[in-house]
Amino acid sequence: PDGTKVAVKIQYPGIEEAMKSDLKNTKIMGMFQKMLFFRTDAKAIMKELEIRFLDECNYQKEAEYQESFYNRLKDHPNIVIPKVFPEFSSRKVLTTEFQDGLGFYEWLDTNPGPDVRHQMTRSLYRFYLGSLYLDGMFNCDPHPGNYIFLENNKIAFLDFGCCRPFPTDRLELGKELAQTVYLDKTEHLESLAI
């Protein structure tokens, strides 16, 4: 109503039901188990995948994730998280600030210099890995279609449907595991409770 440009994401009719049906298909689950998880707890992994995929069908959940990232990163000099308009959003409609910019390959075609590339790489790293270790949130969909390059060397991140919050104890264990591998402390690796 006030003239603010917005992006409106509207769920394709029937997609949630189709996804639920696909996830219940035992052939698909069996195929994933054999291909990817032959030495792990396949049921737990499939349950996690089901939660994340179904989160993508719930735009209210996506709005919560996006607001969480927005609040954590609103003061970052190079990262832009579009503001959510909850009053114009629902389970099947998500309304956010509109961002206009260049896709990844369009941005590369502008031949940004090494300093700008370094700055953008740091911003991508801060968003995808920093959000996990500093904020306890992970955006599980880091492909180039989910961010655009804005003027003044900023990046706007656009899709928050597939995110995963992590409790502090899991984050601390992950940090310890990464440090152990980095320092090549094989004997300590065996003592970690994973």
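Parameters at a glance
- Residues numbered from 1 in each chain as written.
- Predicted model: local features only at pLDDT ≥ 70, side-chain atom pairs only at ≥ 80, totals over all residues.
- Heavy atoms only, no water.
- Helix = DSSP H or I, 4+ residues; strand = E, 2+ residues; numbered from the N terminus.
- Buried < 20%, exposed > 50% of the residue type's maximum accessible area, 1.4 Å probe, protein only.
- Contact = heavy atoms within 4.5 Å.
- Areas by Shrake-Rupley, 256 points an atom, 1.4 Å probe, with all protein chains shown as cover.
- Salt bridge = Lys/Arg side-chain N within 4 Å of Asp/Glu carboxyl O.
- Pairing = 2+ DSSP bridges.
- Axes fitted to C-alpha atoms, helices over the stretch in contact; angles between N-to-C directions.
- Parallel < 35°, antiparallel > 145°, perpendicular 65-115°, else oblique.
- Nonpolar A, V, L, I, M, F, W, Y, C, P; charged D, E, K, R; others polar.
- Lys, Arg positive; Asp, Glu negative; His and termini not counted.
- 1 Å grid on protein atoms, 1.4 Å probe; cavity = no way out; pocket = protein on both sides within 12 Å on 5 of 7 lines; lining within 4 Å.
- Points joined across faces, edges and corners; volume = space filled by probe spheres on them.
- Core = buried A, V, L, I, M, F, W, Y, C linked by side-chain atoms within 4.5 Å.

Asker: Any details on the overall build of the protein? Residues and values, ideally.
Answerer: Each helix and strand in the protein was counted, giving eight helices and seven strands. Burial statistics for the protein: of 194 residues in total, 33% are counted as buried. Put simply, of all contacts in the protein between residues at least 6 apart along the chain, 65% involve residues at least 24 apart. Looking at the protein as shown, the accessible area adds up to about 12600 Å², and 56% of this sits on carbon and sulfur atoms.

Asker: Could you give me a rundown of the pattern of salt bridges, with the residues and numbers involved?
Answerer: All chains considered together, the criterion is met by five salt bridges. As a salt-bridge pair, Lys-9 and Asp-159 come within 3.9 Å of each other at their nearest N and O atoms. In this pair, Lys-9 is assigned in strand β1 (residues 6-10) and Asp-159 in the loop between β6 (154-157) and β7 (163-165), connecting sequence segments 150 residues apart. When the shortest N-O distance is used, the salt bridge between Glu-64 and Lys-61 registers 3.9 Å.

Asker: Which residues make up the pairing of β6, and what values do they have?
Answerer: Every regular strand shows the same layout, with side chains that alternate between the two sheet faces. Pairing geometry for strand β2 (residues 79-80) and β6, over two bridges, is parallel. By the bridge assignment for β6, Ile-79 is matched with Ile-155. In this structure, strand β5 (residues 147-150) lies alongside β6, joined through four bridges in antiparallel fashion. By the bridge assignment for β6, Leu-150 is matched with Lys-154.

Asker: Report on the packing of helix α4 (residues 59-73) against helix α6 (residues 114-135), specifying residues and quantitative values.
Answerer: Where α4 meets α6, the axes come as close as 12 Å, and the angle between the chain directions of the two elements is 90°. Taken together, α4 and α6 sit at an angle that is classed as roughly perpendicular. Across the interface between the two elements, Phe-69, Arg-72 and Leu-73 from α4 touch Arg-126, Phe-127, Ser-131 and Asp-135 from α6. For the contact of α4 with α6, the per-class residue count stands at three nonpolar, one polar and three charged.

Asker: I'd like to hear about the side chain of Asp-141, residue by residue, with values.
Answerer: Inspection of the secondary structure puts Asp-141 in the loop between β4 (137-139) and β5. For the buried Asp-141, no salt bridge is present, and the opposite-charge side chain at shortest range is Lys-9, 8.0 Å distant.

Asker: Explain the layout of surface pockets residue by residue, including any values.
Answerer: There is about 250 Å³ of room inside the largest pocket. Mapped onto the lining of the largest pocket, the elements with two or more residues apiece are α6 and α7 (168-182). In terms of residues, the lining of the largest pocket owes the most to one element, α7, which gives five residues. Residues that form the lining of the largest pocket fall into these classes: eight nonpolar, one polar and one charged. In this structure, the second largest pocket encloses a volume near 200 Å³. Lining the second largest pocket are 13 residues; nearest its centre among them are Ala-7, Lys-9, Thr-96, Glu-97 and Leu-158. Among the secondary structure elements, those contributing two or more residues to the lining of the second largest pocket are β1, α4 and β3 (93-97).

Asker: Can you tell me about the nonpolar core, naming the residues and giving the values?
Answerer: Among soluble globular proteins, nonpolar side chains are generally buried collectively. Phe-69, Ile-81, Phe-127, Tyr-147, Ile-155, Phe-157 and Phe-160 are the most contacted members of the largest nonpolar core, which totals 17 residues. Apart from the residues within four sequence positions on either side, Phe-69 is in contact with Ile-81, Phe-127, Ser-131, Met-137, Phe-138, Asn-139, Phe-160 and Cys-163.

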